[in-house]
Amino acid sequence: MLGYYPVPMNVLGIETSCDETGVAVFSTEHGLIADALHSQVDLHAMYGGVVPEIASRDHVRCLLPLVVQVLRDAGIERPDAIAYTAGPGLVGALMVGSGMANGLGLSWGCPVVAVHHMEGHLLAPMLEDDAPDYPFLALLVSGGHTMLIAVAGLGRYAVLGTTLDDAVGEAFDKTAKLLGLGYPGGPALAALAEEGDDTAFDLPRPMLQRPGLDFSFSGLKTAVMLEVRKTRDCGSFDAQRANLAASFQRAAVDTLVGKSLQAARRESLERIVIAGGVGANKLLRSEMARRFDGQVHYPRMQFCTDNGAMIAVAGALRLADAGSCDEIRAQARWALDTLGPPGVTPATG
Ligand code: KG4
Ligand code: ZN
């Protein structure tokens, strides 16, 4: 499945970095064999964003039952290795997954792998039948990150560009709030945009005309805020909400696709991987496929947002890093490009 393994291995993946409890089993022989997800969206919706303490407590409540369920679904009593998200993310939430993974590893006597959350996103397309070959360009777009990465191989990452302010998912969420949509805003804004005219408002495509591969989304968000004020003042806000959503989405997607094409051209890369929560955006997927003349890969929709399957597959690919359970790792910050190939002691950020 993932190349040669001397002995087939079942890897249990545990994801608790933010507001989803994800658990899965990936077999190096058969691929993904079980997967379950508990979303906390309803718990945080009334606060308009993730409340870290509530997130941690809910992971405590849900994680062990999900592990039991997934092992039962996989038809195994125990895995051969455990992979867990060690960062970046909310420290309290990460500690739940890390504590559980290391505790289970200790009792089962099996090795444990600390996985970088964004590497999990980046490797999620490896769960698919048409998994990309190296090298490729990765556009990693989530609630906390917007990055363009030249991926030469597993753990060989060069960050080409990143956001100077808001992450694109954050811009979707904040713009959705301005438009009176609930949390999480990205999917709701994308749904509203389908009813709107994306040429109705002339919004900026930040950084697109500038050299370099960095992004900036706070100006776009501010431009929407000004338009919202204007439409409110003249009483046309309700009539213009869908047009505002569509114009925002188009501007954000034009920026992401434009910079990705520049990066692919500059680095002579013929494959692009789109991963992370915003990778679920249909316009982003279709525009990248329309405008890029190489191959575009992305995980299936449910593996774009946070999930256990991407952590399980990343753990399977990083079995060479597995260690004994002597350290509970939970890091809020952890730069992706400090990772090395498997077998090289992973940096601690
Ligand atoms: O990867 P993810 O689940 O969590 C983080 O690691 O941040 O990404 C969540 C982000 C949120 O900002 C959410 O609004 C955004 O992904 N998102 C979308 C869509 N689905 C999720 N943004 C735009 N369009 C979507 N369809
Ligand atoms: Zn994520």
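Placed above this text is the structure.
Cut-off values and rules
- Residues numbered from 1 in each chain as written.
- Chains lettered and ligands numbered in written order.
- Predicted model: local features only at pLDDT ≥ 70, side-chain atom pairs only at ≥ 80, totals over all residues.
- Heavy atoms only, no water.
- Pairing = 2+ DSSP bridges.
- Helix = DSSP H or I, 4+ residues; strand = E, 2+ residues; numbered from the N terminus.
- Axes fitted to C-alpha atoms, helices over the stretch in contact; angles between N-to-C directions.
- Contact = heavy atoms within 4.5 Å.
- Donors = N, O, S within 2.8 Å, 3.2 Å for Na, K, Ca; no water.
- Buried < 20%, exposed > 50% of the residue type's maximum accessible area, 1.4 Å probe, protein only.
- Lys, Arg positive; Asp, Glu negative; His and termini not counted.
- Salt bridge = Lys/Arg side-chain N within 4 Å of Asp/Glu carboxyl O.
- Polar contact = N/O pair within 3.5 Å; in protein donor to acceptor, adjacent residues only side chain to side chain.

## As for the sheet that holds strand β6 (residues 136-141)
Strand order in the open sheet formed by 5 strands is β8-β7-β6-β9-β10, and the pairing between neighbours is mixed. Each of the sheet's edge strands pairs with one partner strand only, and the pair in question is β8 (156-162) and β10 (295-297). If you compare each strand with its neighbour and ignore which way they point, the axes differ by 25° on average. The pairing of strand β9 (residues 271-275) with β10 spans 3 bridges and is classified as parallel. Note that in β10 the partner of V273 across the bridge is H297. Sheet contacts for helix α8 (residues 237-267): β6, β7 (146-153), β8 and β9; angle to β6, the most-contacted strand, approximately 155°. Across the sheet, helix α9 (residues 282-291) is in contact with β6, β9 and β10; its angle to β9 comes to roughly 175°.

## Here's the deal with the coordination of the zinc ion (ligand 2)
Any two of four tetrahedral donors ideally make an angle of 109.5 degrees at the metal, while pairs among six octahedral donors ideally make 90 or 180 degrees. In the first shell of the zinc ion (ligand 2), the protein supplies H117 (NE2), H121 (NE2) and D306 (OD), at 2.0 to 2.1 Å from the metal. Spacing between the donor residues of the zinc ion (ligand 2) along the chain follows H-x3-H-x184-D. Residue H117 and its partner H121 are both found in helix α4 (residues 117-123); the two are separated by 4 residues, about one turn of the helix. Note on accessibility: H117 and H121 belong to one class, buried.

## Thoughts on the side chain of E20
Tracing the backbone through its elements, the reader meets E20 in strand β2 (residues 20-27). Buried charge E20 goes without a salt bridge, the closest partner of opposite sign being R61 at 12 Å. A polar contact of 3.4 Å, which involves the side chain of E20, links it to the side chain of S39. Beyond its immediate chain neighbours, meaning those up to four positions away, E20 contacts E15, L37, H38, S39, H59 and D306.

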